[in-house]
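Listed here are the chains, written in short residue letters.
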Protein chains: 2
Amino acid sequence: MAQKPSIPKGTRDFSPEEVAKRNHIFETIQTEFKRFGFQPIETPSFENSSTLMGKYGDEGDRLIFKILNSGDFLKKADKSAISEMDSTRLTSSISEKALRYDLTVPFARYVVQHQNEIEFPFKRYQIQPVWRADRPQKGRFREFYQCDADVVGSKSLWQEVEFVQLYDAVFSKLGLEGVTIKINNRKVLSGFAEVIGEQDKLIDFTVALDKLDKIGEEGVKKEMREKGISEEAINKIQPIFNLKGSFAEKIDGLKSILEGSESGQKGIEELQFIQGAIEAMPLKTARLDLDVTLARGLNYYTGAIFEVAAPEKVKMGSIGGGGRYDDLTGIFGLKDMSGIGISFGLDRIYLVIEELGLFPETVSQNTKVLFINFGEKEALYALKAINSLRANNITAELYPDSAKMGKQMKYADKRNIPYTVLAGEEEMNNQKFTLKHMKSGEQVSINLDELMEKLSS
Amino acid sequence: MAQKPSIPKGTRDFSPEEVAKRNHIFETIQTEFKRFGFQPIETPSFENSSTLMGKYGDEGDRLIFKILNSGDFLKKADKSAISEMDSTRLTSSISEKALRYDLTVPFARYVVQHQNEIEFPFKRYQIQPVWRADRPQKGRFREFYQCDADVVGSKSLWQEVEFVQLYDAVFSKLGLEGVTIKINNRKVLSGFAEVIGEQDKLIDFTVALDKLDKIGEEGVKKEMREKGISEEAINKIQPIFNLKGSFAEKIDGLKSILEGSESGQKGIEELQFIQGAIEAMPLKTARLDLDVTLARGLNYYTGAIFEVAAPEKVKMGSIGGGGRYDDLTGIFGLKDMSGIGISFGLDRIYLVIEELGLFPETVSQNTKVLFINFGEKEALYALKAINSLRANNITAELYPDSAKMGKQMKYADKRNIPYTVLAGEEEMNNQKFTLKHMKSGEQVSINLDELMEKLSS
């Protein structure tokens, strides 16, 4: 009967301390989202399969968790798929729903479905879990939270400026100083492909360029060659690798590289606008940097592309990203709805904050005082005091059983409860409480008001 | 290409206002949970099927959402189940994971799996969604949140007392005055069955008795007869229907009914202990009442049984429930771990609070001030001020485009943003801002400090 309990691979239980730390990050992000005027929405954990399938490429389709139809699902099953043992074809006839894969497609679906109730531009945030049947590995899970903020319904570049400020605000609040907000522009990337005459290989070109950090200049060139990009084109892009210096210096370099490309010039203009605004309103602790190799989900983005790198002393890579997309809602029939959004990578941010010791001590503090249980009358006396403390926002607990004192003290100790109260017959007769500071062992005999004051700080 | 977007039946999208209202309830519950010393845990959305199946009866097994195995799931499928078109048998070979059906079984699994890291008694709370393939109907959804608090590892009746106080604290904080916390005890129900000589029909007996509210005394008796409970036994229980008056009066009545039952007497003792403690520490706005017909999931509970009824003026039924269970973790191999827990019914609480108009106005308030966008220079001037406001906890937005003033004003209006700021060239030259109160139309010209002060209140 008894089973050895376990959870599916790639999923996690979160202990009280972990929940508290995660909530600290969620709440910080959420507070800034709100302060910037974003409003929360929530969508169902599962969507109709037709909403999700085909939106993330073949690989994405494979990684979407499908939910088996309830009841006698074989009744409606595709008989020929069964006889041919074709799992993929059978799936669509025995599964109509699937767990969401990200928050972006459900958001697009939401905007289109509720377009008549929404005031545009619509600034929404959404913090919910997503599921992917990816192979689990260090830092990659099958269930994880995404924290997204998006605006749809405006092409204004002030949005780009505000998202840079939002990243800065969140990471500064978390105490995570020195992050780099890398920015690029899809139009710059198109410009590159244009000036080297490889417009039809734009994706291969940028996918290779995006790997510069990991495989170096020679690696990038090798990959380009393998993808059939001409030697002449590769020679032409040499100046890209030589872009160095400040944001402004890189912009100067870009200008000459992209001289012949209208799209490229437009991209440069946009980058300059954003950089100019940020210069006029300096960031608190983050740094804005131009990274012309940054591509991310290129098919998707049409303007600005963002990625946030953790401070260099931590080896972590990207802890956030986003960009502008001009036709997200088009897949659901609503055209010309430009949007821009960013995302925070909760799990990596957690690891970075943990590694740098930036979680405030108070985060995982829970109960402030444990009342020792000496028996029925004493417990009632204690619980009355506990009620008063709780009414004053002080987290207080009664040990439920009149167990041996050592056991109760050990419990307080293990739970990291800083104070205990001992109140036996003598205290009850004098309307007093003996308050013990667990670390120092110091004890004082005080009345309820004094107890309240002492524990309020 | 374009699809008419929709969501699966029984699921919901939540708009910003709905999320804000739901969060108001969540946060109130959570604050009280914490104040009472409960600690949060979170468990994965899906569990191994073996963890969930067989824990909720046959009906429960059917209502659990199963997740299809990824990849070529037919490879490992039960061939004979396929050829016999047996969906139920096929399921276990093509699905290894399932969405959680409640928070109680995952909690039991958590306690057993992490028993060496936990300090007992373990007071945990958990607020997460659950999924049931129930037929959707008014107020019943396929995805909904549960809010549970449980203590495992102590049999102390002080826990029962504290849970009554916790219910009172939460509903008082929500402004929902006049709820009735009904209490019963499984031992009293066993006692009834004992004294009427129908111990082997305990469940049929209590299931019928539990319906007294709905089908009346004659209905209950009819059902008992149908279940084969003897006429003699039914005559003997007549005094149960006649129990009236205050808690203490009902207890007196119970004492004589259950005179011959040891278990019954034990149940009465427990009820008296709880009632006595609550009398010594009066509830704020709730009322504790003895309801000897209350059974809920009888197979599960072994001591106290709770149910909370909304104020009588609202027709809603139960908005919470719970009880003591002596062997929850036994199914996972950890014996002798008594627990007690309560649950809050979020969706119904929401409806009650909505119906009574108890959501604070501030709950769905979002942006405090919209800065009108008059062009690039003005927008930068505005955004600088907005940064200062945000740094002082004031939610401020810039309209992203320099659209027509009427359009921007309409946006503020539709979004219920109470103030707008107009700052054109004149204001910029004088370092001023024109603040407009949207409702009254009143306008003042003030500097940044004054703006900050005005909007802080």
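Conventions and cut-offs
Residues numbered from 1 in each chain as written. Chains lettered and ligands numbered in written order. Predicted model: local features only at pLDDT ≥ 70, side-chain atom pairs only at ≥ 80, totals over all residues. Heavy atoms only, no water. Helix = DSSP H or I, 4+ residues; strand = E, 2+ residues; numbered from the N terminus. Rg over C-alpha atoms; globule rule 2.2 N^0.38 Å. Buried < 20%, exposed > 50% of the residue type's maximum accessible area, 1.4 Å probe, protein only. Contact = heavy atoms within 4.5 Å. Areas by Shrake-Rupley, 256 points an atom, 1.4 Å probe, with all protein chains shown as cover. Lys, Arg positive; Asp, Glu negative; His and termini not counted. Charge placed at Lys NZ, Arg CZ, Asp CG, Glu CD. Buried area = accessible area lost by both parts, 1.4 Å probe. Salt bridge = Lys/Arg side-chain N within 4 Å of Asp/Glu carboxyl O. Polar contact = N/O pair within 3.5 Å; in protein donor to acceptor, adjacent residues only side chain to side chain. Nonpolar A, V, L, I, M, F, W, Y, C, P; charged D, E, K, R; others polar. Pairing = 2+ DSSP bridges. Axes fitted to C-alpha atoms, helices over the stretch in contact; angles between N-to-C directions. Least-squares fit on C-alpha atoms with pLDDT ≥ 70 in both. pLDDT = per-residue confidence, 0-100. UniProt positions renumbered as here; feature names shortened; annotations may be inferred. Phe/Tyr/Trp six-rings, centres within 6.5 Å; stacked < 30°, edge-to-face > 60°. Domains from an automatic or database assignment. Expected span 1.5 Å × (residues − 1). Parallel < 35°, antiparallel > 145°, perpendicular 65-115°, else oblique.

## Digging into the overall build of chain A
Part 1: Secondary structure assignment for chain A yields 19 helices and 16 strands.
Part 2: In terms of C-alpha radius of gyration, chain A reaches 29 Å, well past the compact-globule figure of 23 Å for 457 residues.
Part 3: Referenced to the eigenvectors of the C-alpha coordinate spread, the extents of chain A come out at roughly 95 × 65 × 45 Å.
Part 4: Among the 457 residues that make up chain A, the fraction classed as buried is 59%.
Part 5: Sequence separation of at least 24 residues holds for 68% of the intrachain contacts in chain A that already meet a minimum separation of 6.
Part 6: Carbon and sulfur atoms form 46% of the exposed surface of chain A, whose accessible area is close to 19500 Å².
Part 7: Looking at charge distribution, chain A has the averaged site of its 62 positive side-chain charges lying 4 Å from that of its 68 negative ones.

## Describing the environment of Ile234 of chain A
All names here are of chain A.
Part 1: Residue position: Ile234 is located in helix H11 (residues 231–236).
Part 2: Sequence spacing of Ile234 and Lys410 is 176 residues, and the spatial spacing of their C-alpha atoms is 69 Å.
Part 3: Setting aside anything within four residues of it in sequence, one finds Ile234 in contact with Lys221, Met224, Arg225 and Ile229.

## Quick notes on the interface of chain A and chain B
Part 1: Counting from both sides, the interface comprises 105 residues of chain A and, opposite them, 104 residues of chain B.
Part 2: On the chain A side of the contact with chain B, Arg35, Glu42 and Trp158 of chain A bury the most area, a combined 8% of that side's loss.
Part 3: Seen at the junction of chain A and chain B, the total is six salt bridges.
Part 4: Note that Arg390 of chain A and Glu162 of chain B form a salt bridge whose closest N and O atoms lie 2.6 Å from each other.
Part 5: On the surface where chain A and chain B come into contact, there are 34 residue pairs in polar contact (both at pLDDT 80 or more).
Part 6: Among the elements that make up the side of chain A that touches chain B, the one with the highest residue count is helix H16 (residues 376–391) of chain A (seven residues).
Part 7: Taken together, the residues that form the side of chain A that touches chain B break down as 48 nonpolar, 31 polar and 26 charged.

## What about the sheet that holds strand S9 (residues 304–309) of chain B?
All names here are of chain B.
Part 1: Across the sheet, which stays open at both edges, the eight strands sit in the order S1-S5-S6-S11-S10-S9-S7-S8 with mixed pairing between neighbours. Every interior strand has two partners, whereas the edge strands, strand S1 (39–40) and strand S8 (287–290), have only one.
Part 2: Bridge analysis of strand S7 (residues 180–185) against S8 gives four bridges, and the strand direction is parallel. Among the inter-strand pairings, Ile183 is bridged to a residue of S8, identified as Leu290.
Part 3: Across the sheet, helix H1 (residues 16–35) is in contact with strand S5 (122–131), strand S6 (143–152) and strand S11 (339–344); its angle to S6 comes to roughly 5 degrees.
Part 4: Here helix H13 (residues 247–257) sits on the sheet in contact with S7 and S8, set at roughly 15 degrees to S8.

## Focus on the relation of the copies chain A and chain B
Part 1: For the match of chain A to chain B, the screw axis carries a shift of 0.0 Å, the RMSD comes to 0.1 Å, and the turn is 180 degrees. Seen this way, the second copy is the image of the first under a two-fold rotation axis. Taking the C-alpha atom as reference, chain A places Ile67 of chain A closest to the rotation axis, 2.2 Å from it.
Part 2: The overlap is high: 99% of the interface residues of chain A also sit at the interface in chain B, so the same surface is used on both sides.

## Looking at the confidence of the model for chain A
Close inspection of predicted coordinates is inappropriate in any region flagged by low pLDDT.
Part 1: Per-residue confidence for chain A averages 95 on the pLDDT scale, and 99% of its residues sit at or above 70.
Part 2: Taken together, the chains of this predicted complex give a pTM of 0.95 and an interface ipTM of 0.95.

## A few points about the UniProt feature "binding site: L-histidine" (unreviewed entry) in chain A
Residue and element names in this part refer to chain A.
Part 1: Taken from the UniProt record, the annotation "binding site: L-histidine" (unreviewed entry) applies to Asp102, Leu103, Thr104, Arg132, Gln146, Asp150, Arg296, Tyr300 and Tyr301.
Part 2: Summarising the element assignment, Gln146 is placed in strand S6 (residues 143–152).
Part 3: With a relative accessible area of 12%, Gln146 lands in the buried category.
Part 4: If sequence neighbours within four positions are ignored, Gln146 has contacts with Asp102, Leu103, Gln126, Ile127, Gln128, Val130 and Arg132.
Part 5: For Gln146, the side chain forms a polar contact with the main-chain nitrogen of Leu103, separated by 3.2 Å.
Part 6: Within the secondary structure, Asp150 sits in strand S6.
Part 7: Dropping the residues within four chain positions of it, Asp150 is found in contact with Phe38, Phe107, Phe122, Lys123, Arg124, Phe163, Tyr325, Ile340 and Gly341.
Part 8: Within the structure, Asp150 has its side chain in polar contact with the side chain of Arg124 (distance 2.8 Å).

## What about the packing of aromatic side chains?
Residue and element names in this part refer to chain B.
Part 1: Going through the model one piece at a time under the given rule, you end up with 40 aromatic pairs over all chains.
Part 2: For the ring pair Tyr56 and Tyr101, a centre distance of 4.4 Å and an interplane angle of 45 degrees mean the geometry is tilted. One end of the pair, Tyr56, is in the loop between helix H2 (49–52) and helix H3 (57–63); the other, Tyr101, is in the loop between strand S4 (97–99) and helix H6 (104–113), and 45 residues separate them in sequence. Taken individually, Tyr56 and Tyr101 each receive the classification buried, so the pair is uniform in this respect.

## Here we look at the sheet that holds strand S8 (residues 287–290) of chain A
All names here are of chain A.
Part 1: Taken in spatial order, the eight strands line up as S1-S5-S6-S11-S10-S9-S7-S8 in an open sheet, and their pairing is mixed. Two strands close off the open sheet at either side, each with one partner strand: strand S1 (39–40) and S8.
Part 2: The sheet strands contacting helix H7 (residues 158–173) are strand S5 (122–131), S6, strand S7 (180–185), S8, strand S9 (304–309), strand S10 (318–325) and strand S11 (339–344), and the helix crosses S11 at an angle near 15 degrees.

## Side note on the domain arrangement of chain A
Part 1: Considered domain by domain, chain A is made up of domain 1 (9–64 + 101–169 + 310–364), domain 2 (180–305) and domain 3 (366–456).
Part 2: A straight line from the C-alpha centre of domain 1 of chain A to that of domain 3 of chain A covers 43 Å.

## A word on helix H10 (residues 212–226) of chain B
Residues and elements named next belong to chain B.
Part 1: Relative to the 21 Å expected for 15 residues at 1.5 Å per residue, H10 spans just 16 Å between its end C-alpha atoms, considerably shorter than the ideal helical length.
Part 2: Those residues of H10 that are buried are in contact with helix H9 (202–209), helix H11 (231–236) and helix H12 (238–241).
Part 3: Gly228 sits one or two positions beyond H10 and adopts a positive phi of about 85 degrees.

## Looking at the pattern of salt bridges
Residues and elements named next belong to chain A.
Part 1: Under the definition given, this model contains 60 salt bridges over all chains.
Part 2: In this structure, Glu32 engages Arg35 in a salt bridge whose closest nitrogen and oxygen atoms are separated by 3.1 Å. Of this pair, Glu32 and Arg35 are both found in helix H1 (residues 16–35), three residues apart, which corresponds to roughly one turn of the helix. Of the two residues, Glu32 and Arg35, neither departs from the other in class, the shared state being buried.
Part 3: Of the charged contacts, one joins Glu307 and Arg296 as a salt bridge, the two residues approaching to 2.9 Å between their closest N and O atoms. With Glu307 in strand S9 and Arg296 in the loop between S8 and S9, this residue pair connects regions lying 11 residues apart in the sequence.
Part 4: Through salt bridges with shared partners, a single ionic network connects Asp78, Glu84, Asp86 and Arg89.

## Looking at the pairing of strand S14 (residues 419–422) of chain B
Consecutive residues of a regular strand have side chains that alternate between opposite faces of the sheet.
Residues and elements named next belong to chain B.
Part 1: Burial along S14 is two-sided: the residues Tyr419 and Val421 and Thr420 and Leu422 are all buried.
Part 2: The pairing of strand S12 (residues 369–371) with S14 spans three bridges and is parallel. Residue pairing across strands places Phe371 opposite Val421, the latter belonging to S14.

## Re the packing of H1 of chain B against helix H15 (residues 346–355) of chain B
Residue and element names in this part refer to chain B.
Part 1: Direction vectors running N to C along H1 and H15 enclose 110 degrees, while the axes themselves pass 10 Å from each other. Taken as axis vectors, H1 and H15 run roughly perpendicular relative to one another. Contacts between H1 and H15 pair Glu18, Lys21, Arg22, Ile25 and Phe26 from the former with Leu346, Asp347, Ile349, Tyr350, Ile353 and Glu354 from the latter.
Part 2: Here the residues of the contact of H1 with H15 are counted per class, giving six nonpolar, no polar and five charged.

## Structural notes on the pairing of strand S15 (residues 433–437) of chain B
Residues and elements named next belong to chain B.
Part 1: Of the strand pairs in this sheet, S14 and S15 are connected by four bridges, and their pairing is antiparallel. Across the sheet, the residue bridging to Thr420 is Lys436, located in S15.
Part 2: Of the strand pairs in this sheet, S15 and strand S16 (residues 443–446) are connected by four bridges, and their pairing is antiparallel. In the sheet register, Lys436 faces S16, and the bridge partner there is Gln443.
Part 3: Taking the residues between adjacent antiparallel strands as the criterion, S15 and S16 are bridged by five residues, where Gly441 takes a positive phi near 80 degrees.

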